[in-house]
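Each chain is listed here by its residues.
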Amino acid sequence: MPTRPDAAAPTTGERSATVLDLDDLAVHFQLQGNALSRLLGLKGRVVKAVDGVSLTLGRGEVLGVVGESGSGKTTLGRALLGLAPTTSGSITYHSADRGLRVVSDMRGAELRELRTDLQMVFQDPNAALNPSMTIEEAVGHPLVIHGFAKGAELKRQVEEALEKVGLSPTERFLPKFPSDLSGGQKQRAVIARAIILNPEVLVADEPVSMLDMSVRAKILQLMLDLKTDLGLTYVYITHDLATAKYFCDRIAIMYLGKVVEIGPTAEIFANPRHPYTKALLAAIPEPDPEKMVPRDLPRGEIPDAAEPPLGCSFHPRCPEAVRNCGWESRDLRALIEEHWTRSVAAYDEEQRVLGDLEHLDTPTTSATLGAGGSSAVRAVLDRIRAEDTEEPLWSGVTSIEDAGPGVVVHFQPADSPPLRRAGGVDVACVLYPDES
């Protein structure tokens, strides 16, 4: 493997136990809105893809970042390499040979130099490889870009990288194009290109999700072997908890841009705390068709990331939600409309009594309802409540006051819960107060 011109191998005592340190990291994307809003100078909405993430990655560790699509895990991985600009917070890289380097402040040439230390394995090997480059050219390209090797030395190092990832005999693969390779072979070539600069950290963004089931375990085992042989540290991004259990030392569960639970893999699987973690574990397929597994899955859909729920982002879907989770006007509208799907005959009359619900889409802890008199509005709310007295939203209602032709429903205000220690993990849930 290539040696950096200024590399100086540190002694064991000089190596920091930490390789990456994230402090309150945020990555926000501005939505432009329509032409009229831009003409009027109105600000577009902001998607908080990563919203206040703090964590530490140990040298030699495999950290899994798990969550549904839209949770922010890929944006987090890209931010680690400077591919997604940070809005606030910091990413500090503890280089083994160059000391502390603040990735979130890097631009241009500094970021290019960082590629010798931090590399990424992308999800789709078909898109990651240039179809007009041979495998020899594609794998050796990082060495050419950084000026580390050329000629015979370049070919030797490419052959060495291909050997390490199991693409041998190398003379068979060097002249091939990506279209000549299978999906697993392409991903091996992508991994070879990532390790050829001898990096310290690999960010693997769902590296096996595009592969056949028969190939996935082989690629994960290859990555574990490379970790041992090359001393790599991994950030493993996935939506698949089953592969995370096999591959990771620790797991961070993300939901709507926040880490809601983080801890050792064994602890996460043996005793999940956060209701979202429990839901993800419940969704893991059971291979035995004769075994019935209860599926207590979250209700509803993932909320709009541009306007996340107040309080705990998961509370509208949470089966364990309580009074101080952050109930709001949008939750009340969803409950009313869900009631109407079950009581179609009552819709016309109740809609006239409650009036237009569009204004409830502006998130607030006070919801005004009614156009047909306060007593009639209260009667409708009582019917909805009687349908399901266990509905957690009602626990968050602090009062219902008469107001003109209707009522105002007040909810218990709540902030987004921070990560707090709970046993062997950190969890962001009001059900777990800080042990300290």
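Here, every reference points to the structure presented above.
Here we summarise the structure given alongside this text. Just so you know, these numbers come straight off a predicted model, no measurement behind them. (Residues numbered from 1 in each chain as written. Predicted model: local features only at pLDDT ≥ 70, side-chain atom pairs only at ≥ 80, totals over all residues. Heavy atoms only, no water.)

1. Let's talk about the packing of aromatic side chains
Taken as a whole and judged by the stated rule, the model has 6 aromatic pairs. Between Tyr234 and Phe247 the ring centres are 5.4 Å apart and the planes differ by 55°, which places this aromatic pair in the tilted class. Placement of the pair is Tyr234 in strand β8 (residues 233-238) and Phe247 in helix α10 (residues 241-247), with a sequence separation of 13 residues. The two residues Tyr234 and Phe247 agree in class, both being buried. An aromatic cluster of at least three residues, connected via ring pairs, comprises Tyr234, Tyr236 and Phe247. (Phe/Tyr/Trp six-rings, centres within 6.5 Å; stacked < 30°, edge-to-face > 60°. Helix = DSSP H or I, 4+ residues; strand = E, 2+ residues; numbered from the N terminus. Buried < 20%, exposed > 50% of the residue type's maximum accessible area, 1.4 Å probe, protein only.)

2. Considerations on the sheet that holds strand β11 (residues 366-369)
The strand order β11-β13-β12 describes an open sheet built from 3 strands, whose pairing is antiparallel. Each edge of the open sheet is held by one strand with a lone partner, namely β11 and β12 (397-403). Pairwise comparison of adjacent strand axes, ignoring direction, gives a mean angle of 20° for this sheet. As paired strands, β11 and strand β13 (residues 406-411) are joined by 4 bridges and run antiparallel to one another. Within β13, the residue paired with Ser366 across the bridge is His410. On top of the sheet, helix α13 (residues 329-342) reaches β11 and β13; it is set at about 45° to β11, its chief contact. (Pairing = 2+ DSSP bridges. Axes fitted to C-alpha atoms, helices over the stretch in contact; angles between N-to-C directions. Contact = heavy atoms within 4.5 Å.)

3. Focus on the packing of helix α14 (residues 347-354) against helix α15 (residues 374-387)
Running from N to C, α14 and α15 cross one another at 130°; their axes reach a closest spacing of 9 Å. Here α14 is positioned oblique relative to α15, judged by the angle of their axes. In this structure, α14 crosses over α15, and the sense of that crossing is left-handed. Every residue of α15 that contacts α14 at Glu350, Val353 and Leu354 is listed here: Ala376, Val377, Val380 and Arg383. Its residues assigned to classes, the contact of α14 with α15 shows 5 nonpolar, no polar and 2 charged. (Parallel < 35°, antiparallel > 145°, perpendicular 65-115°, else oblique. Left-handed = near helix turned anticlockwise from the far one by under 90°. Nonpolar A, V, L, I, M, F, W, Y, C, P; charged D, E, K, R; others polar.)

4. Quick word on the pairing of strand β6 (residues 118-121)
Both faces of the sheet carry side chains from a regular strand, because those side chains alternate between them. Across the two faces of β6 the burial is the same, with Leu118 and Met120 and Gln119 and Val121 all buried. Relative to strand β7 (residues 201-205), β6 runs parallel, the two being bridged by 4 bridges. Its bridge partner lying in β7, Met120 is registered against Val203.

5. Things to note about unusual backbone geometry
The general pattern is negative phi for most residues beyond glycine and trans for most peptide bonds. With an omega of 0°, the peptide bond running from Ser168 to Pro169 counts as cis. Structurally, the position occupied by Pro169 is in the loop between α6 (151-164) and α7 (170-173). In this model, Asp24 sits at a positive phi of 50°, which is unusual for a non-glycine residue. For Asp24, the position within the fold is in strand β1 (residues 18-30). Asp24 sits in the partly exposed class, given a relative accessible area of 45%.

6. Describing the pattern of salt bridges
The full count for this structure, using the stated rule, is 22 salt bridges. Ionic pairing is found between Arg330 and Glu328, a salt bridge with its closest N-O pair at 2.7 Å. The class for Glu328 is buried, based on a relative accessible area of 1%. A salt bridge links Arg342 to Glu387; the nearest nitrogen and oxygen atoms lie 2.6 Å apart. Taken as a pair, Arg342 in helix α13 and Glu387 in helix α15 lie far apart in primary sequence, 45 residues in all. (Salt bridge = Lys/Arg side-chain N within 4 Å of Asp/Glu carboxyl O.)

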